[in-house]
Amino acid sequence: MDIPPSHPRYTSLLTREKLVEGVRKGFTSIHGLIAHGRGEAFDYLLGEKTHTFAIEAEKTAVAYLLTSEHPVISVNGNTAALVPDEAVNLAKVTGAKLEVNIFHWSKERVEKIRDVLLDSGAEEVLHEGDAELKGIDHSRRFVSSEGILIADTVLVPLEDGDRCEILKRHGKKVIAIDLNPMSRTALKADVTIVNNIVRAFPEMIELAKELKKEEREEMEKIIRGYSNRKILSQAFTTIKDNLEKMAEGIL
Ligand code: PTJ
């Protein structure tokens, strides 16, 4: 579809178009469209912008990735459609590995997502699923023995609650990106970035470039000073305030 840049919802429509294209090419799950719709609704309530609580979470997430021994960025069909170049760049700048790990599993989709990341410049994309994460009964339990299995920190954009819990039970630090601060994932993760992935990834790349110049002690201080509950509370308050403003403004 040809979207004129003058359209008031240009960015939003372009984002949708990328997902539709991902479905057409067979690497984004059709369920990904529904998931995105839910995300869009929360983005509306958040005013479709990055808030300071998101920046704080993004900075802490980057500090975790930079100080971890085996950081991994987990990539699903929506991430591959929306931010393939940024996922590759974030992995490069933080030293994290990229691993394809999807909920609606098929070998074909796994390989297509791998190819999308390779086309975006990735040197290595883990996707073998040669190891099993005990305690989870859907296909996301199959992980790479060189990636999520041994990871100390896993970035899981647009995740489902079950796997977040299992990753934590396996002793991993979990960073989630989820526009819905009420989701089980958002509530369970160690760091929840309540922001649209299309804004969060580019911001995290810039934050990582800056933070890399700092001493390790500085990054550890950021991690120690972080409270995910405080961040979630600020996200809820922002939604409430936005709704109050709208309710008053309509009179
Ligand atoms: O590619 P697959 O097979 O791994 O499937 C990926 C999806 C996303 C379909 C799958 O993980 C899924 O069903 O996820 P859920 O349980 O619907 O959760 C997705 C969460 O991501 C929801 O809470 C949405 O609010 C949120 N979300 C959707 N789009 C965005 C988003 N968060 C940030 N940025 C977005 N663009």
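It should be noted that the structure appears before, not after, this text.
The text that follows walks through the structure, step by step, so that each part is easy to find. Every chain's residues receive numbers from 1 upward, in the order its sequence appears when written. Reporting of local features is limited, given that this is a predicted model, to residues whose pLDDT is at least 70; pairs of side-chain atoms are given and counted only at 80 or more, and all residues count toward the totals for whole chains, interfaces and linings. Heavy atoms throughout the structure, all of them, feed into the side-chain values; hydrogens and water do not.

Some remarks on the packing of helix α3 (residues 52–67) against helix α9 (residues 197–211)
For step 1, the next point in the chain: Where α3 contacts α9, the axes come no closer than 9 Å and their chain directions differ by 55 degrees. In terms of orientation, α3 and α9 fall into the oblique class. Between α3 and α9 lies a crossing of right-handed hand. Residues Ile-55, Glu-58, Lys-59, Ala-61, Val-62, Ala-63 and Leu-66 of α3 pack against Ala-200, Glu-203, Met-204, Leu-207, Ala-208 and Leu-211 of α9.
For step 2, the next point in the chain: The residue inventory of the contact of α3 with α9, partitioned by class, reads 10 nonpolar, no polar and three charged. Orientation is described by axes fitted as lines to C-alpha atoms, over the contacting stretch for helices, and by angles from 0 to 180 degrees between their N-to-C directions. For the purposes of this entry, the term helix denotes a DSSP run of H or I that reaches at least four residues, the term strand denotes a run of E that reaches at least two, and both are numbered from the N terminus. By definition in this entry, angles of less than 35 degrees are roughly parallel, angles greater than 145 are roughly antiparallel, angles of 65 to 115 are roughly perpendicular, and the rest are oblique. The hand of a helix crossing depends on one turn: near helix anticlockwise from the far one by less than a right angle means left-handed, and clockwise means right-handed. Any two residues having at least one pair of non-hydrogen atoms within 4.5 Å are treated as being in contact. Under the grouping applied here, Gly and all other residues not named as nonpolar or charged are polar, the nonpolar ones being Ala, Val, Leu, Ile, Met, Phe, Trp, Tyr, Cys and Pro and the charged ones Asp, Glu, Lys and Arg.

A look at helix α10 (residues 216–224)
For step 1, the next point in the chain: Working definition: with a 1.4 Å probe on protein chains only, accessible area under 20% of the residue-type maximum means buried, over 50% means exposed, and in between means partly exposed. Within α10 the residues assigned to the buried category are Met-219, Ile-222 and Ile-223. For α10, the angular spread of the buried residues around the axis is 100 degrees, confining them to a single face. Within α10, the exposed residues directed more than 90 degrees away from the buried face are Lys-221 and Arg-224.
For step 2, the next point in the chain: Structurally, α10 contributes buried residues whose contacts are with α3 and α9. Note that the arc is defined by the directions from the helix axis to the C-beta atoms.

Some remarks on the sheet that holds strand β7 (residues 191–193)
For step 1, the next point in the chain: One open sheet accounts for five strands, arranged β2-β1-β5-β6-β7; its pairing is parallel. Of all the strands in the sheet, just β2 (97–100) and β7 have a single pairing partner and so form its edges. With strand direction ignored, the average angle separating the axes of adjacent strands in the sheet is 20 degrees.
For step 2, the next point in the chain: Note: two strands are recorded as paired if DSSP finds a minimum of 2 bridges between them. Of the strand pairs in this sheet, strand β1 (residues 71–75) and β2 are connected by four bridges, and their pairing is parallel. Each bridged residue has a counterpart across the sheet, and for Ser-74 the counterpart in β2 is Glu-99.
For step 3, the next point in the chain: Here helix α6 (residues 107–119) sits on the sheet in contact with β1 and β2, set at roughly 150 degrees to β2.

What to know about the pairing of strand β5 (residues 153–157)
For step 1, the next point in the chain: Across the five residues of β5, five count as buried, placing the element largely inside the fold.
For step 2, the next point in the chain: Because side chains alternate across β5, one face comprises the buried residues Thr-153, Leu-155 and Pro-157, and the other comprises Val-154 and Val-156, equally buried.
For step 3, the next point in the chain: Of the pairings in the sheet, the one linking β1 to β5 comprises three bridges and is parallel in character. Within the sheet, the bridge partner assigned to Pro-71 lies in β5 and is Thr-153.

Some thoughts on the nonpolar core
For step 1, the next point in the chain: Core analysis: the biggest nonpolar cluster contains 58 residues, and Ile-73, Leu-117, Ile-193 and Phe-201 have the highest contact counts within it.
For step 2, the next point in the chain: At nine residues, the largest contribution of residues to this core is made by α3.
For step 3, the next point in the chain: For Phe-201, the residues in contact, after removing those within four places along its chain, are Ile-73, Thr-79, Val-83, Glu-86, Ala-87, Leu-90, Leu-155, Pro-157 and Ile-177.
For step 4, the next point in the chain: In this description, a nonpolar core means a group of buried Ala, Val, Leu, Ile, Met, Phe, Trp, Tyr and Cys residues linked to one another through side-chain atoms lying within 4.5 Å. Listed in part, the 15 residues of the second largest apolar core include Ile-148, Ala-151, Val-154 and Ala-189.

Some words on the pattern of salt bridges
For step 1, the next point in the chain: When a carboxyl oxygen of Asp or Glu lies within 4 Å of a side-chain nitrogen of Lys or Arg, that pair is called a salt bridge. Going through the model one piece at a time under the given rule, you end up with 19 salt bridges.
For step 2, the next point in the chain: Ionic pairing is found between Glu-111 and Lys-107, a salt bridge with its closest N-O pair at 2.8 Å. One end of the pair is Glu-111 and the other is Lys-107, both in helix α6 and four residues apart, which spans about a single turn.
For step 3, the next point in the chain: The class of Glu-111 is partly exposed, set by a relative accessible area of 26%.
For step 4, the next point in the chain: Given a relative accessible area of 53%, Lys-107 falls into the exposed group.
For step 5, the next point in the chain: Linked by salt bridges that have partners in common, Glu-21, Arg-24 and Lys-25 make up one network.

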